[in-house]
Amino acid sequence: MKIIKLMCALIVTCLLSNGCGTKKVDVGHSASVSSTAVDEKTDYKDKESLQKKCQKVKKTKIGVSPSRLLYVTESTAIILDECAIVVFDLGENNVSDIVLLRDNDVMGDIFLQGDKASSISVSEDGRFVYIQKIIGEGGYRYNLETKVTEPYKRKETEPVFDSYESVRKKWYLTGFEKKWYLCGDEGIRINQKKFMYLINTDFTTLKGLTLVLCEGKEKQKIPVWK
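Just so it is clear, the structure is predicted and the values come from calculations on it, not from any experiment.

The tally for this structure, following the rule as stated, stands at 4 aromatic pairs. Judged by centre distance (5.6 Å) and plane angle (85 degrees), the ring pair of Phe161 and Tyr164 falls under edge-to-face. By way of ring pairs, the aromatic residues Tyr71, Phe161 and Tyr164 are connected into one cluster. Between the NZ or CZ atom of Arg141 and the centre of the ring of Phe128, over which it lies, the distance is 4.2 Å. Over the face of the ring belonging to Tyr152 we find Arg141, whose NZ or CZ atom lies 4.1 Å from the ring centre.

Here it is in structure tokens:
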């Protein structure tokens, strides 16, 4: 009898210590690995999609309405063209997002001129891009953080960025720069020392889009496309 009790005690001890082949399954770790794999796959698809958009916009011919700077901060520059809205990361010096204005999955075709024209602006805090029809009702709002477009009518109480300054009056353009295609007559002051405007070194397509950052007498040219 004592022997049987001793054997039962040994079996119980073995099971409690996982010494008899019982296998632990780390469910949390497995889920974490699976989630990471999905995130990496999604990130790859997003980057691939962005690259395709970059190539498409880069090859687009210059339209009737010139490209122009829509919004600038120390970290971000937003460029508006007839074919797209281009978001440029000034920290990484590359395009971080593009919203196509032709054959858009949500908005269809957006025009800057004509009877179907829309006005495009950026919220004062830099969180949203508003696409509002000039004639008639309707419009959209693009969230720059979540990259989601939704039907939206901007309220008059929602302020938009509107701090533009003339490039020609305030910044002397050298003879060499005059050969470039100055995109509009307005630039944006980032702070008391920094001012930015947009040029295009190509006269047929958007491949020459270049941001010019002025700080004092120094000028830094930042190509939009890699």
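What follows concerns the sheet that holds strand S4 (residues 94-100). In space, the 4 strands of this open sheet follow the order S1-S2-S3-S4, with antiparallel pairing throughout. Where the open sheet ends on each side, the last strands, each with one partner, are strand S1 (68-72) and S4. Strand-to-strand twist in this sheet, taken as the mean axis angle between neighbours without regard to direction, amounts to 20 degrees. Where S1 lies against strand S2 (residues 76-80), 4 bridges are found, and the strand directions are antiparallel. Within S2, the residue paired with Arg68 across the bridge is Leu80.

Even without a glycine there, the phi angle at Asn93 is positive, about 55 degrees. Within the element layout of this structure, Asn93 appears in the loop between strand S3 (84-89) and S4. A positive phi angle, near 55 degrees, is found at Asp103, a position not held by glycine. Within the fold, Asp103 resides in the loop between S4 and strand S5 (118-122).

Its location among the elements puts Ser121 in strand S5. Excluding residues that lie within four positions of it along the chain, Ser121 makes contacts with Phe128, Val129, Tyr130 and Val160.

Before going further, it helps to spend a moment on the confidence of the model for the protein chain. In this model, the protein chain carries an average pLDDT of 83, and 75% of its residues clear a pLDDT of 70 or more. In the predicted structure, residues 1-6 sits below a pLDDT of 50 and forms 0 contacts with residues beyond four places in sequence or in another chain. Across residues 19-25 the pLDDT falls below 50, and counting only partners more than four positions away or on other chains, this stretch makes 4 contacts in the model.

What follows concerns the environment of Lys47. Within the secondary structure, Lys47 sits in helix H2 (residues 27-58). Along the backbone, Lys47 and Ser96 are 49 residues apart, and their C-alpha atoms lie at a distance of 9.1 Å.

On to the pairing of strand S14 (residues 218-223), then. Direction of pairing for strand S13 (residues 209-215) relative to S14: antiparallel, over a ladder of 6 bridges. Along S14, the bridge assignment pairs Leu213 with Gln220. Counting the residues in the hairpin turn of S13 and S14 gives 2 residues, including Gly216, whose phi is positive at 65 degrees.

Across the sheet, 4 strands lie side by side as S5-S6-S7-S8; this open sheet has antiparallel pairing. Strands with a single pairing partner mark the edges of an open sheet, and in this sheet they are S5 and strand S8 (148-151). Neighbour-to-neighbour, the strand axes of the sheet open up by a mean angle of 15 degrees, direction not taken into account. Examined bridge by bridge, strand S7 (residues 139-143) and S8 share 4 bridges and lie antiparallel to one another. In the strand pairing of S8, Tyr140 is matched with Pro151.

Let us now look at the pattern of salt bridges. Here the structure, examined in full by the defined rule, presents 5 salt bridges. Ionic pairing is found between Glu150 and Arg141, a salt bridge with its closest N-O pair at 2.6 Å. Residue classification places Glu150 among the partly exposed residues on the basis of a relative accessible area of 32%. Two residues, Arg189 and Glu165, come together in a salt bridge whose shortest N-O distance is 3.1 Å. Of the two residues, Arg189 sits in strand S11 (residues 186-189) while Glu165 sits in strand S9 (residues 165-166), which places them 24 residues apart along the sequence.

Rules behind the numbers
Residues numbered from 1 in each chain as written. Predicted model: local features only at pLDDT ≥ 70, side-chain atom pairs only at ≥ 80, totals over all residues. Heavy atoms only, no water. Phe/Tyr/Trp six-rings, centres within 6.5 Å; stacked < 30°, edge-to-face > 60°. Lys NZ or Arg CZ within 6 Å of the ring centre and 35° of its normal. Pairing = 2+ DSSP bridges. Helix = DSSP H or I, 4+ residues; strand = E, 2+ residues; numbered from the N terminus. Axes fitted to C-alpha atoms, helices over the stretch in contact; angles between N-to-C directions. Contact = heavy atoms within 4.5 Å. pLDDT = per-residue confidence, 0-100. Salt bridge = Lys/Arg side-chain N within 4 Å of Asp/Glu carboxyl O. Buried < 20%, exposed > 50% of the residue type's maximum accessible area, 1.4 Å probe, protein only.

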